[in-house]
Amino acid sequence: MAAEDLPSEFDVVILGTGLTESVVAAACSRVGQRVLHLDRRSYYAANWASFTFNALLTWIQEQQEGPQPEQVQDWSSLLEEGEELIHLSNPDLDSITNIQVVSYASEEEEEVPDTTKEETSADGPLEAESADSREEESAEAEEESAEKEAESAETEAESAEKEAESAEAEEESAEKEAESAEAEKEQATKLKGEEPEEDQSHPVSASGQSEPTRKKISYAQLVKEGRRFNIDLVSKLLFSRGSLVDLLIRSNVSRYTEFKNVTRILTYRHGNLEQVPCSRADVFASRQLSVVEKRKLMRFLTSCMEETETEQAYSSHPYSKFLQDQQLGDNLQHFLLHSIAMVTEDTPTEAGLAATRHFLRSLGRYGNSPFLFPVYGLGEIPQCFCRMSAVFGGIYCLRHSVSCLIVDDNRCKAVIDSRGQRISCSHFVVEDGYLGSMRTVTTPTRLLSRAVLITDSSVLSSDSEQQVSMVTIPPGEACQSAVKMVELCSSTMTCMPGTYLVHLTCQSVSSAFDDLSQLVTRMFNTPESQEPGGRPAVLWSLYFNMVDGTVPRVEGQGLPSNVHVCSGPEGSLDHEQNIKQAELIFQKIVPDEEFCPPAPNPEDIIYDGEGPTPSAEEQDSVKEAGLQEESGEDLSPQLEQ
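Residues numbered from 1 in each chain as written. Predicted model: local features only at pLDDT ≥ 70, side-chain atom pairs only at ≥ 80, totals over all residues. Heavy atoms only, no water.

Visitor: Residue-level account of the sheet that holds strand 10 (residues 272–275), with values.
Guide: Strand order in this open sheet of eight strands is 5-20-16-19-18-17-9-10, and the pairing throughout is mixed. The strands lining the two open edges of the sheet, one partner per strand, are strand 5 (96–103) and strand 10. In this sheet, adjacent strand axes meet at a mean angle of 20 degrees when their direction is disregarded. Against the sheet, helix 14 (residues 512–523) touches strand 5, strand 9 (264–269), strand 10, strand 16 (447–455), strand 17 (469–473), strand 18 (483–488), strand 19 (500–507) and strand 20 (538–547), its axis set at about 150 degrees to strand 20. (Pairing = 2+ DSSP bridges. Helix = DSSP H or I, 4+ residues; strand = E, 2+ residues; numbered from the N terminus. Axes fitted to C-alpha atoms, helices over the stretch in contact; angles between N-to-C directions. Contact = heavy atoms within 4.5 Å.)

Given below as structure tokens:
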């Protein structure tokens, strides 16, 4: 919508199109609130966004160049008596840092030489020489046969013996002539560039050139096929019974997108990848667990779904201690701690069991895995809620921001947009990055280390190439922090066919490159890898740090009472924190309304000036009544009924 057309009054003004802000916008619009949703960026979803490969390159360049300095304008002429101004900041100043790009693919397409043709041209002269030698041998044999026939004519006494020798010589000559003819035929075939029939039954050479050669994907090809990529800035999954999936179903927002099931869960242990048996079928099909371990694991998974007195006795102990006392082996403890509960060794037992139960409850709802991933990337989720908000009257403007707030009596009465228009509002919802000027938190900002890789094959080969894998790397394997890795195949519409998209995330200790590059070198094939054999090759990689939204960067103190702050992405695998935060903000804005009630089907919506669409039965009754009216029948008894 054009900025000149903006109304001057709204119930809710929202700045930022991240997940939390988009859910709040959809929920408020759904219950009849007038919503204005703005974002200074040119794309939706803020730090939750997904980019094509070409758009990601543009985003990287913009981040490295830094934001353009903005002139602070004086809007005091728009103030009324007793009002004050609060200026907002640029959210992109420090939310993304330490960007580093490493490209391993060749700049231009590499032509794979056709070694078969080279061998053919090299072997041709040798086979021609052998054919000539065979022809000479055949000619000599014929001469010998003629001499023997002459001797047989002269020596009639030895004619019988000589005739026998002559017959044998003729047979040898015929065989050699046949061999010569075959050699000539092979030579003619070689000159035409075809394989001889004789060679088709033998391997080509010891160099293995009969095997199919995989073409190397170049950087130019990545750019050419860039629109096939949808690369997320944040890496997360959806628990099948998580709050986000429940919200998508309850609000009917799920009809705006599609999802893929995560097909396998892997763990990285002692330098090797192992598949984690998490469901009943996986446990009994596992080859890495003994029969005793399978029984122990199934017994534990069944018992931990219910609270017991034993668990309460461990409330003050770490979860790792609880698992040890259950007489579980090292394998089972590793799977349960790092891949199922996905917690650290010092996590309290209560939190560890809650995470384990959450994992197990999500199993089997949509497949043999507890996780879902949206087709076309996570950036689709905020956009789905924005679509719902727009359907119910929300107004959207990208490349449009709020410069400052107008505050009176500790309440935000209005905002002034980037074009100087004063817009009144009852509530203001904002991404925390815009309030940098009001930041009073003295603790250092927590960061996440992110790596995005484009590879040429999967980390663990299988019968199917279309695998969506969740990989857990415990701390100490190659990083100081636990790393969560998600590998996406081309069926998720996030990468081009023949490639895989790999996301790695961990808590920052240093820069993202320092935190994750050693792990990438161990698990993948790069020029720095010491043992590259059999590992997927990295074609292109991106490292960056982003702000961890677990801890709010702006405290509620000092803000107007009707200003609500939304956090960005945080380090957990799910979306629980952001959905709970969105619901809490909604309840503060409209406490008496239901949070995201089901949206009606499009055919059930009644627009202004239109009546409801009659059902098929109603249409039939109307037609029948019209026929009766034409025939002159009295309709009053039917109307009374």
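Having seen the model, we can carry on.
Visitor: Run through the pattern of salt bridges, naming residues and quoting values.
Guide: The tally for this structure, following the rule as stated, stands at 14 salt bridges. Notably, a salt bridge pairs R264 with E487, separated by 4.0 Å at the nearest N-O pair. On the criterion of sequence distance, the pair formed by R264 in strand 9 and E487 in strand 18 is long-range, its members being 223 residues apart. Judged by its relative accessible area of 0%, E487 is buried. When the shortest N-O distance is used, the salt bridge between D325 and K321 registers 3.7 Å. Of this pair, D325 and K321 both sit in helix 10 (residues 319–325), separated by four residues, roughly a single helical turn. Overall, D325 belongs to the partly exposed group, its relative accessible area being 34%. One connected set of salt bridges, linked through shared partners, spans E83, D408, K413 and R422. (Salt bridge = Lys/Arg side-chain N within 4 Å of Asp/Glu carboxyl O. Buried < 20%, exposed > 50% of the residue type's maximum accessible area, 1.4 Å probe, protein only.)

Visitor: Tell me about the side chain of N47, and please be specific about residues and values.
Guide: Tracing the sequence through the fold places N47 in the loop between strand 2 (35–39) and strand 3 (50–51). Apart from residues lying up to four places away in sequence, N47 is in contact with S95, I96, L233, V234, M546 and P569.

Visitor: Lay out the nonpolar core with the relevant residues and their values.
Guide: If you look at the biggest cluster of nonpolar residues, it comprises 103 residues, and the most contacted ones within it are F359 and F371. Discounting chain neighbours no more than four positions away, the residues touching F359 are F239, I265, C278, S339, I340, M342, P370 and F371. One finds V13, L15, I86 and I395 within the second-largest nonpolar core, a separate group that totals 23 residues. (Core = buried A, V, L, I, M, F, W, Y, C linked by side-chain atoms within 4.5 Å.)

Visitor: Please provide a residue-by-residue account of unusual backbone geometry, values included.
Guide: For A46, which is not a glycine, the phi torsion comes out positive at approximately 50 degrees. Mapping A46 onto the fold places it in the loop between strand 2 and strand 3. Residue A46 is classed as buried on the basis of its relative accessible area of 3%. Despite not being glycine, M342 has its phi angle at roughly 55 degrees, a positive value. Judged by its relative accessible area of 17%, M342 falls in the buried class.

Visitor: Give me the packing of helix 1 (residues 19–30) against helix 13 (residues 380–391): which residues, what numbers.
Guide: The angle between the axes and the distance between the axes are what describe a pair of packed helices. Closest axis-to-axis distance for the helix 1/helix 13 pair is 8 Å, and the angle between their directions is 20 degrees. Relative to helix 13, helix 1 is oriented roughly parallel. Of the two possible hands of crossing, helix 1 and helix 13 adopt the one that is left-handed. Facing L19, S22, V23, A25, A26, S29 and R30 of helix 1, the residues of helix 13 in contact are I381, P382, F385, C386, M388 and S389. (Parallel < 35°, antiparallel > 145°, perpendicular 65-115°, else oblique. Left-handed = near helix turned anticlockwise from the far one by under 90°.)

Visitor: So, the pairing of strand 17: which residues are in play, and what are the values?
Guide: Along strand 17, five of the five residues are buried, which leaves the element largely enclosed by surrounding structure. The side-chain alternation of strand 17 yields two buried faces, one formed by S469, V471 and I473 and the other by M470 and T472. Sheet analysis places strand 9 next to strand 17, joined by four bridges and oriented parallel. Residue L266 lies in a different strand from strand 17, and its bridge partner there is V471.

Visitor: Requested: an account of the side chain of T347, with residues and values cited.
Guide: By the element assignment, T347 lies in the loop between helix 11 (330–340) and helix 12 (349–362). A residue is classified by how much of its surface remains accessible, and T347, at 12% relative accessible area, is buried. There is a polar contact of 3.0 Å between the side chain of T347 and the side chain of T344. Sequence-distant contacts of T347, that is, excluding residues within four places in its chain, are made with H317, P318, Y319 and G352. (Polar contact = N/O pair within 3.5 Å; in protein donor to acceptor, adjacent residues only side chain to side chain.)

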